[in-house]
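Descriptive structure summary
If you want the building blocks of each chain, they are given just below.
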Amino acid sequence: MQSYSIFSLARNALSGHQNWSKAWRSPPLKKRYDVIIIGAGGHGLATAYYLAKNHGITNVAVLEKGWLGGGNIARNTVTIRSNYMRDESIPFYVKSVKLYEGLTKELNYNLMYSKRSMIDVVQTYPKLREIKRRMFNGDLHGSAYERIEVDELRRRIPPLTGGGPESRLPILAGMVHPSAAVCRHDAVAWSYARAADDRGVEIHQNTEVLQLLRDSTDGSINGVETNRGTVYADKVAVVVSGHTTSITDTIGLKLPLKSFNLSAFVSEPVKPIIDVIVNCPDIGVYLNQSDKGELVIGGAPDAGQSFRRDIKQQVFEDAVCSMLELFPSFKRLKLMRQWGGTLDIAHDATPIVSQTDVQGLYVSAGWWGGFKAVPAGGYTLAHLIAKNEQHELTAPFSLNRFKRLDFILEAGTTTAT
Amino acid sequence: MLQISCPFCGPRNEVEFVYGGPLKNRRPDDISQIDDTTWIDYLTVPKNPLGPVQERWWHVRGCGCWLTITRDTRSHDIIESEIES
Ligand SMILES: Cc1cc2nc3c(=O)[nH]c(=O)nc-3n(C[C@H](O)[C@H](O)[C@H](O)COP(=O)(O)OP(=O)(O)OC[C@H]3O[C@@H](n4cnc5c(N)ncnc54)[C@H](O)[C@@H]3O)c2cc1C
Ligand SMILES: [Zn+2]
């Protein structure tokens, strides 16, 4: 792997940037692999990387129906945090945040990782109580959360001029989650892809899985049918975020998942005005400012089940109106782009990292706010695939919890993610 | 923006409605006879089709009726809507 550094940058500048080597190969598709991973998003690529790095399994194909990093990994609002509610969830996200912190170095790729705190703007007492409960639970697992008063909140978020005592929902307090961060989402996909490829993993773009294939005698998985022909493997992982059931339906496997559309939009770039991630859970909007100066804004999910990747006008209007209640000066901002993505969510809103009733078939799904979970999700799924036993961090995320009706109820801390 | 056809009020804008989730699975008839898997599927596994789904919407800012609509999850096209009995 060509190492990226100030020296390689200088050297390549001298030759007019014509001699950079390709970040990953495009090898021909083989007939058989040890492991097939369906989906080259963050989770699929991270899984491939950790399979190779931690477990020495390199005869791996990642099959992607579109282009690498064109799914939700390219569509999210890049918030990395660990302020979850349940004992089963918090340690997993704490681990993911830690892995993110070292990732730029580990993968030799600038992720533009920027730790900057998430601040909740709390406007109702039920929400305040709920977040305080998160704070106490977080304390037990080393995930910090602290309360600040309204003056301090306004000092830290200067454009927050709405929500005064006369308003519909006066601001009550702020809650700060200091370990929250943002980083460049595309770079997460590209860096894992490059590092996995370097260890021998093959990434096949424009390769859509149409059907899972089972052995006719013992019913175990033995491969996949794709638009480029049949590919065999004894282990297949479905890591397709949002489209899980479309794939597992092909062998009649039932999963407790529903797909929804979540969307976001960005403003024109402006001078730095907000240096934290602002989350307004009571009115349903959250935002941060990108390095380019654009405000990246997200709202609530679209109500009904959906496989669309655009934004619905009504969701868009609701998010904008909510934002203007608290940030009236943003009225003058031009909005530049908007988009959506399809995510699935489990019956109890906790992710699924699990073996299935079909031997050799693994699923990683229900990643509602799964950008923050990419490193730990890949790390633990690779462990499961390699050893056929759960990593301790994702043991609670197995499908078995549904068989025992032992749910891990985990509603989001933000409106959505 | 969806335009939902309320059989009572006519075609109305989505903002007048509240989403009530997908139509619940049909409860198995004789629950003393069924196995655990059937029961758990009934409780936890919703239909998640890439295509028409049946769901409930409440015309709360209109006539107050609950409707069941059939909507395509790829296009948002509403194929059918009826008042719940
Ligand atoms: C608007 C929005 C905002 C978000 N904000 C946040 C946030 O702030 N913080 C956070 O943590 N998370 C956030 N998320 C969630 C996060 O983006 C996802 O949970 C995460 O990216 C999902 O994992 P992934 O990267 O593997 O998915 P993806 O990138 O979607 O990867 C799945 C891949 O599978 C491929 N695929 C699908 N079907 C097939 C098939 N049949 N054959 C082959 N390939 C197939 C797809 O093309 C896709 O590339 C947000 C999501 C959205 C949409
Ligand atoms: Zn009506």
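The numbering scheme is per chain: residues are counted from 1 as the chain's sequence reads. By the order in which they are written, chains take letters starting at A while ligands take numbers starting at 1. Local features in this predicted model are restricted to residues whose pLDDT is 70 or higher, and side-chain atom pairs enter the listing and the counts only when it is 80 or higher, whereas totals over whole chains, interfaces and linings include all residues. Side-chain metrics in this entry use all non-hydrogen atoms of the structure; hydrogen atoms and water are not considered.

A short note on helix H2 (residues 42-55) of chain A
Residue and element names in this part refer to chain A. Put simply, DSSP marks the helices as runs of H or I at least four residues long and the strands as runs of E at least two long, and each gets a number from the N terminus on. To estimate how far a helix should extend, the number of its residues minus one is multiplied by 1.5 Å. With 14 residues, H2 ought to run about 20 Å at 1.5 Å a step, and its terminal C-alpha atoms sit 19 Å apart, in line with that. Burial of H2 is extensive: 11 of the 14 residues sit out of reach of the surface. Burial classification: accessible surface area is computed with a 1.4 Å probe over protein chains only, and a residue below 20% of its type maximum counts as buried, one above 50% as exposed, and the rest as partly exposed. What H2 keeps buried is the set Gly42, His43, Gly44, Leu45, Ala46, Thr47, Ala48, Tyr49, Tyr50, Leu51 and Ala52. Phi turns positive, to about 65°, at Gly56, one or two residues after H2.

Comments concerning the site of ligand 1
Residue and element names in this part refer to chain A. Consider each residue's heavy atoms; a residue with any of them within 4 Å of a molecule or strand counts as near. Around ligand 1 sit 36 residues, and of these Glu64, Asn72, Trp367, Gly370 and Lys372 come closest. Here a polar contact is recorded for every N or O atom pair within 3.5 Å, except that within protein the pair must consist of a potential hydrogen donor and a potential acceptor, and residues adjacent in sequence are included only if both atoms are side-chain atoms. In the environment of ligand 1, an oxygen atom lies 2.7 Å from a nitrogen or oxygen atom belonging to the backbone of Asn72. In the model, an oxygen atom of ligand 1 is placed 3.0 Å from a nitrogen or oxygen of the Phe371 main chain. Burial of ligand 1 by the protein amounts to 97% of the accessible area it has alone, namely 1000 Å². Breaking the shell around ligand 1 down by element, the ones donating at least two residues are H2, strand E14 (257-267) and strand E18 (335-346). The dominant element in the shell around ligand 1, judged by the number of residues it contributes, is E14, at three residues. Residue polarity follows a fixed list, in which Ala, Val, Leu, Ile, Met, Phe, Trp, Tyr, Cys and Pro are nonpolar, Asp, Glu, Lys and Arg are charged, and the others, Gly among them, are polar. Residues of the shell around ligand 1, tallied by class, amount to 15 nonpolar, 16 polar and five charged. The split into domains, and so the bounds of each, comes from an automatic or database assignment of domains. The residue makeup of the shell around ligand 1 includes at least three contributed by each of domain 1 (28-109 + 184-257 + 347-414) and domain 2 (115-179 + 259-346). Each accessible area is a Shrake-Rupley estimate made with a 1.4 Å probe; only the visible protein chains count as cover when residues are assessed.

Some details on the coordination of the zinc ion (ligand 2)
Residue and element names in this part refer to chain B. Binding of the zinc ion (ligand 2) to the protein goes through Cys6 (SG), Cys9 (SG), His59 (ND1) and Cys63 (SG), at separations of 2.1 to 2.4 Å. Ligating atoms shown are N, O and S within 2.8 Å of the metal, or 3.2 Å for Na, K and Ca, and water is not included, meaning a site may look less than complete. Geometry assignment treats four donors as tetrahedral when all angles are between 85 and 135 degrees, treats four as square planar and six as octahedral when opposite donors are over 155 degrees apart and all others between 65 and 115, and treats everything else as irregular. The site at the zinc ion (ligand 2) holds four donor atoms, and with the angles between them running 101 to 118°, its shape is tetrahedral. If you list the donors of the zinc ion (ligand 2) from N- to C-terminus, the spacing comes out as C-x2-C-x49-H-x3-C. With Cys9 in the loop between strand E1 (3-6) and strand E2 (10-13) and His59 in the loop between strand E4 (52-58) and strand E5 (66-72), this residue pair connects regions lying 50 residues apart in the sequence. Judged by its relative accessible area of 31%, Cys9 falls in the partly exposed class. You can call His59 buried: its relative accessible area is 0%.

Regarding the nonpolar core
It is characteristic of soluble globular proteins that their nonpolar side chains tend to be buried jointly. Residues and elements named next belong to chain A. Residues Ile37, Leu45, Val188 and Tyr192 are the most contacted members of the largest nonpolar core, which totals 61 residues. The set of elements that each furnish at least two residues to this core consists of strand E1 (35-38), H2, strand E2 (60-63), helix H3 (90-101), helix H4 (103-107), strand E8 (181-182), helix H7 (185-198) and helix H10 (374-387). Only heavy atoms enter the contact rule, under which two residues are in contact if any of them lie within 4.5 Å. Those residues in contact with Ile37, other than ones at most four positions away along the chain, are Gly44, Thr47, Ala48, Leu51, Val60, Ala61, Val62, Leu63, Ala237 and Val239. Among the nonpolar cores identified, the runner-up in size contains 28 residues, and Val121, Leu169, Val276 and Met323 belong to it. Put simply, a nonpolar core is a bunch of buried Ala, Val, Leu, Ile, Met, Phe, Trp, Tyr and Cys residues held in one set by side-chain atoms that sit within 4.5 Å of each other.

Let's talk about the interface of chain A and chain B
Listed per partner, the contact involves 25 residues of chain A and 24 residues of chain B. Buried area between chain A and chain B, both sides added, is near 2100 Å², and the carbon and sulfur share of it is 58%. What counts as a salt bridge is simple: a side-chain nitrogen of Lys or Arg found within 4 Å of a carboxyl oxygen of Asp or Glu. In this structure, the connection of chain A to chain B is made through two salt bridges. For the salt bridge of B:Asp41 with A:Lys254, the shortest nitrogen-to-oxygen distance reads 3.7 Å. Where chain A touches chain B, the interface holds nine residue pairs in polar contact (both at pLDDT 80 or more). Of all elements in the fold, only helix H8 (244-248), E14, helix H9 (313-326) and helix H11 (400-403) of chain A reach the threshold of two or more residues within the side of chain A that touches chain B. With four residues, the single largest contributor to the side of chain A that touches chain B is E14(A). Class assignment for the residues of the side of chain A that touches chain B results in nine nonpolar, nine polar and seven charged. Summed over both partners, the accessible area (1.4 Å probe) lost when two parts come together is defined as the buried area.

Considerations on the domain arrangement of chain A
All names here are of chain A. Taken as a whole, chain A is organised into domain 1 (28-109 + 184-257 + 347-414) and domain 2 (115-179 + 259-346). One C-alpha centre belongs to domain 1, the other to domain 2, and the line joining them spans 28 Å. At the junction of the two partners, domain 1 supplies 43 residues and domain 2 supplies 35 residues. The largest share of the area that domain 1 buries against domain 2 comes from Arg75, Met85 and Trp368, three residues that together contribute 26% of it. Across the pair Glu101 and Lys115 runs a salt bridge, and its minimum N-O distance is 2.8 Å. There are 19 residue pairs in polar contact (both at pLDDT 80 or more) connecting domain 1 and domain 2. Elements supplying a minimum of two residues to the side of domain 1 that touches domain 2: strand E3 (79-80), H3, H8 and H11.

Thoughts on the pairing of E4(B)
All names here are of chain B. Here E4 shows a clear split, with Val53, Glu55 and Trp57 buried on one side and none of Pro52, Gln54, Arg56 and Trp58 buried on the other. By the convention used here, strands pair only if DSSP detects at least 2 bridges between them. The pairing of strand E3 (residues 18-22) with E4 spans three bridges and is classified as antiparallel. When the sheet's bridge partners are listed, Pro22 is paired in E4 with Glu55. When E4 meets E5, the two strands line up antiparallel, connected through seven bridges. Among the inter-strand pairings, Pro52 is bridged to a residue of E5, identified as Asp72.

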